[in-house]
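# Summary of the model geometry
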Amino acid sequence: PDKNPGEANSVEHWLFSGKVFGGYRLNEALSLEVAYHHLGKAPYWEGFGTILAKSQVRSWAISSSLVYVFPALPAWWIVPPSRVFVRGGLAYKNILQETIQGAFEEGTLSAVIGIGIEHQLTQRWFSRLEVEHLSVAIGGPVHSAPLLKGLLNVNIGGTSHVPNVMHTQLMLTLGYQL
C-alpha cells in the first residue's frame, strides 16, 4: 500500500463506543435495521526505534443489516422471554488517522455480522446482549494476508492511507418497539 515506512498497519485497543439504530420488523422472525456506529478514537505510537510519535485513529460507520430472530427459548431456561438472533449486512466505514504528518481520511465498505440474545421486557420494551463485528475493508486496493498462521495467503480489500481497522462491539441495548 501507499503507507509510509514506520506507519502503523494495525491498531488494537478496547474502547467505549456507541450505536443508535432503527428498524422495521418485516415479520415475526425477520427485521431490517439501519444504524449509526460511533466507533471511538484509539491512540497509538508509530515510528522507528526510539523515535516515536503519538497518533490516533477515529472511526464511525453507517450500516444496514438483516436480523433473523429464532423462536423463543423455553420459559424455564431464561426469564424474561428470550430469543437468539443473528445479523448480516454491509456498512460504510469512515476512518480518520491523525499523525504528525497530517490527517488522512478514507471510507471503506465493510461486512457486518452479529449474534446475540433479545429479552422481551414488556409488550414494547426489549433488551439485547450482542456481539457485532464490522470487518476490515472488503473493497479497495487488494492486499495479501496470511491465513492459518501463514499456511495460506488470501487476497482481501484494504485501505491506501489509513490503518485497515476492524471493530468488534460487545453491546447491551435497550429498545422500544413502536
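Read on for an overview of the structure. What you see is a predicted model, and the numbers here were worked out from it, not measured in a lab.

### Section: the overall build of the chain
On a plain count of helices and strands, the chain comes out with 0 helices and 9 strands. Of the regular secondary structure in the chain, the N- to C-terminal order runs β-β-β-β-β-β-β-β-β. For the chain, the proportion of contacts with a sequence separation of at least 24, taken over those separated by at least 6, is 59%. For the chain, the exposed surface amounts to about 10,900 Å²; the carbon and sulfur share of it is 65%.

### Topic: the nonpolar core
Listed in full, the 6 residues of the largest apolar core are Ala42, Tyr44, Val57, Ile95, Val162 and Val165. Those residues within four positions of isoleucine 95 in sequence are excluded, and the remaining contacts are Val57, Arg58, Ser59, Phe104, Glu105, Glu106, Thr108, Thr159, Val162, Pro163 and Val165.

### Things to note about the pairing of strand β2 (residues 30-48)
Sheet analysis places strand β1 (residues 18-25) next to β2, joined by 8 bridges and oriented antiparallel. Looking at β2, one finds that glycine 22 is bridged to valine 34. The hairpin formed by β1 and β2 contains 4 residues between the paired strands.

### Overview of the side chain of glutamine 56
Of note, glutamine 56 is situated in strand β3 (residues 51-69). Here glutamate 98 takes part through its side chain, which lies 2.2 Å from a polar atom of the side chain of glutamine 56. Apart from the residues lying within four places of it in its own chain, the contact partners of glutamine 56 are Lys41, Ala42, Pro43, Tyr44, Leu96, Gln97 and Glu98.

### Digging into a nonpolar patch on the surface
Together, Ile115, Leu129, Val131, Leu170 and Leu172 give the surface a local cluster of nonpolar side chains, amounting to about 530 Å² of exposed area. For the nonpolar patch, the secondary structure elements donating two or more residues are β6 (125-137) and β9 (167-176). Within the element layout of this structure, leucine 129 appears in strand β6.

### Considerations on the environment of glycine 89
Summarising the element assignment, glycine 89 is placed in strand β4 (residues 82-99). For the pair glycine 89 and leucine 66, spaced 23 residues apart in sequence, the C-alpha to C-alpha distance is 6.2 Å. Sequence-distant contacts of glycine 89, that is, excluding residues within four places in its chain, are made with Ser64, Ser65, Ser110, Ala111 and Val112.

### Section: the sheet that holds β2
Ordered in space as β1-β2-β3-β4-β5-β6-β9, the 7 strands form an open sheet in which the pairing is antiparallel. Of all strands in the sheet, those bounded by a partner on one side alone are β1 and β9. On average, each strand axis in the sheet is tilted by 25° relative to the strand beside it, whichever way the strands run. With 18 bridges joining them, β4 and strand β5 (residues 102-120) adopt antiparallel strand pairing. Bridged to asparagine 94 within β5 is glycine 107.

### Digging into the packing of aromatic side chains
Following the criterion strictly, the structure yields 4 aromatic pairs and no others. Ring plane angle 85° and centroid distance 4.8 Å describe the contact between tyrosine 68 and phenylalanine 70, whose orientation is recorded as edge-to-face. On the basis of relative accessibility, which here comes to 35%, the residue tyrosine 68 falls in the partly exposed class. In this structure an aromatic cluster arises from ring pairing among Tyr36, Trp60 and Tyr92. The ring centre of phenylalanine 85 lies 4.8 Å from the NZ or CZ of arginine 128, which sits over that ring.

Rules used throughout
Residues numbered from 1 in each chain as written. Predicted model: local features only at pLDDT ≥ 70, side-chain atom pairs only at ≥ 80, totals over all residues. Heavy atoms only, no water. Helix = DSSP H or I, 4+ residues; strand = E, 2+ residues; numbered from the N terminus. Contact = heavy atoms within 4.5 Å. Areas by Shrake-Rupley, 256 points an atom, 1.4 Å probe, with all protein chains shown as cover. Core = buried A, V, L, I, M, F, W, Y, C linked by side-chain atoms within 4.5 Å. Buried < 20%, exposed > 50% of the residue type's maximum accessible area, 1.4 Å probe, protein only. Pairing = 2+ DSSP bridges. Polar contact = N/O pair within 3.5 Å; in protein donor to acceptor, adjacent residues only side chain to side chain. Patch = residues over 30% accessible without salt bridge, like charges linked within 9 Å, V, L, I, M, F, W, Y side chains within 5 Å. Salt bridge = Lys/Arg side-chain N within 4 Å of Asp/Glu carboxyl O. Axes fitted to C-alpha atoms, helices over the stretch in contact; angles between N-to-C directions. Phe/Tyr/Trp six-rings, centres within 6.5 Å; stacked < 30°, edge-to-face > 60°. Lys NZ or Arg CZ within 6 Å of the ring centre and 35° of its normal.

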